[in-house]
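# Coordinate analysis (summary)
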Amino acid sequence: MTDIITLSDSRVAAVTEQECGEPLVDLRGTPVLRIDPRQADADGGYAHLRLGALRRLLQAQALLPAGIRFLVVEGYRPPALQRRYFEQYAATLRAAHPDASPDLIRELASAYISPPEVAPHVSGGAVDLTLCTVDGTELPLGTEVNATPEESAGACRTGAANISAEARAHRTLMDEALSAAGFVNYPTEWWHWSYGDRYWALLSGAPAARYGPAAAPVRPV
């Protein structure tokens, strides 16, 4: 597929789900990964991924050069939080484009925040991440994680030309490792990679998504 498929595309919603039942796993129990708390929620969902996605993330980690590690920013996201993020960004776009149709607003919003009904993060198969050194110092990737298209002049797009050669090299490094482990990238967000969800199934040619919406992890007592 050569066209950029957004999460509002009807082809994503048309993908069937065959829930495999894999549990959500807390990444904070995996020492080789670094977990960043900037998106932390009360239940700790941000630090969880499906077991199969975690295994593939560890495979990708092993492909990185010595001294470089993944810094995980967010994994699982509860449906209510996903809906809130989407509606907030859509409201921002409506204010900026008051004459735009609802369909256009949805398409524009979907380039940055997934519609709740097909959101990869809700499945537990998506992860937002960047690269860092062993001591946690982030490497330059061209923008901050979660930079919007508006504030980054489009540099948040994975293939953006308006980034430095160093940032491009780091994005290529991420791409090679994560793709080799079976993840797919959402091309408007260099940091967003997923496995097992509907978007992954469509891009990879899988007959169905492995993961449907996941139940939130139990909050520690």
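Residues numbered from 1 in each chain as written. Predicted model: local features only at pLDDT ≥ 70, side-chain atom pairs only at ≥ 80, totals over all residues. Heavy atoms only, no water.

### Details of the packing of aromatic side chains
- According to the stated counting rule, one finds 4 aromatic pairs in the structure shown.
- Ring geometry for Y195 versus Y211: centroids 6.0 Å apart, planes at 75 degrees, classification edge-to-face. Of this pair, Y195 sits in the loop between β7 (192-194) and α7 (198-204) while Y211 is found in the segment after α7, placing the two residues 16 residues apart along the sequence.
- Residue Y211 is classed as buried on the basis of its relative accessible area of 1%.
- Taken together, Y195, W200 and Y211 form an aromatic cluster joined through their ring pairs. (Phe/Tyr/Trp six-rings, centres within 6.5 Å; stacked < 30°, edge-to-face > 60°. Helix = DSSP H or I, 4+ residues; strand = E, 2+ residues; numbered from the N terminus. Buried < 20%, exposed > 50% of the residue type's maximum accessible area, 1.4 Å probe, protein only.)

### What about the environment of V72?
- Along the chain, V72 falls in strand β4 (residues 68-74).
- Judged by relative accessible area, V72 falls into the buried class, the value being 1%.
- Put simply, V72 and L7 are 65 residues apart on the chain and 22 Å apart in space, counted from C-alpha to C-alpha.
- Not counting the four nearest positions on each side in its chain, V72 is found in contact with L27, R34, I35, D36, L57, V127, D128 and L129. (Contact = heavy atoms within 4.5 Å.)

### Describing the nonpolar core
- Ranked by internal contacts, the top residues of the largest apolar core, which has 50 residues, are L57, F70, L129, L131, M174, L178 and F183.
- Going through the elements one at a time, α2 (51-63), β4, α3 (79-96), α4 (102-110), β5 (126-133), α6 (165-180) and α7 are the ones with two or more residues in this core.
- Filtering out sequence-adjacent residues up to four positions away, L129 remains in contact with L57, F70, L71, V72, V73, M174, L178, W190, W191 and W193. (Core = buried A, V, L, I, M, F, W, Y, C linked by side-chain atoms within 4.5 Å.)

### Brief notes about the pairing of β5
- A large share of β5 lies buried, amounting to 7 of its 8 residues.
- By the bridge criterion, 6 bridges tie β4 to β5 in an arrangement that is antiparallel. The partner of R69 across the bridge, within β5, is C132.
- The pairing of β5 with β7 spans 3 bridges and is classified as antiparallel. Within the sheet, the bridge partner assigned to A126 lies in β7 and is S194. (Pairing = 2+ DSSP bridges.)

### Thoughts on the packing of α3 against α4
- Contact geometry of α3 with α4 gives a least axis separation of 9 Å together with a crossing angle of 120 degrees. Overall, the two elements α3 and α4 adopt an arrangement that is oblique. The handedness of the crossing between α3 and α4 comes out as right-handed. Contacts between α3 and α4 pair F86, Y89, A90, L93 and R94 from the former with I105, R106, L108, A109 and S110 from the latter.
- Classifying every residue of the contact of α3 with α4 by side-chain character gives 7 nonpolar, 1 polar and 2 charged. (Axes fitted to C-alpha atoms, helices over the stretch in contact; angles between N-to-C directions. Parallel < 35°, antiparallel > 145°, perpendicular 65-115°, else oblique. Left-handed = near helix turned anticlockwise from the far one by under 90°. Nonpolar A, V, L, I, M, F, W, Y, C, P; charged D, E, K, R; others polar.)

### Quick word on unusual backbone geometry
- The phi dihedral of N146 is positive, around 75 degrees, even though this residue is not glycine.
- Residue N146 is classed as partly exposed on the basis of its relative accessible area of 23%.
- Phi is positive for A153, close to 55 degrees, though the residue is something other than glycine.
- Within the element layout of this structure, A153 appears in the loop between β5 and α6.
- For A153, a relative accessible area of 62% gives the class exposed.

### Re the side chain of E189
- Examined against the element boundaries, E189 turns out to sit in the loop between β6 (184-185) and β7.
- No salt bridge is formed by the buried E189; its nearest oppositely charged neighbour, R77, is found at 7.0 Å. (Lys, Arg positive; Asp, Glu negative; His and termini not counted. Salt bridge = Lys/Arg side-chain N within 4 Å of Asp/Glu carboxyl O.)

### Considering α6
- Relative to the 22 Å expected for 16 residues at 1.5 Å per residue, α6 spans 22 Å between its end C-alpha atoms, a close match to the ideal helical length.
- Here α6 has its buried residues at A167, H170, R171, L173, M174, A177 and L178. Projected down its long axis, α6 shows its buried positions confined to an angular sector of 155 degrees, all on one face. α6 presents A165, E176 and A180 as exposed residues on the side facing more than 90 degrees away from its buried surface.
- Residue G182 follows α6 closely and has a positive phi angle near 105 degrees. (Expected span 1.5 Å × (residues − 1). Arc of directions from axis to C-beta.)

Everything listed here is a matter of coordinates, which is why it stays silent on function.
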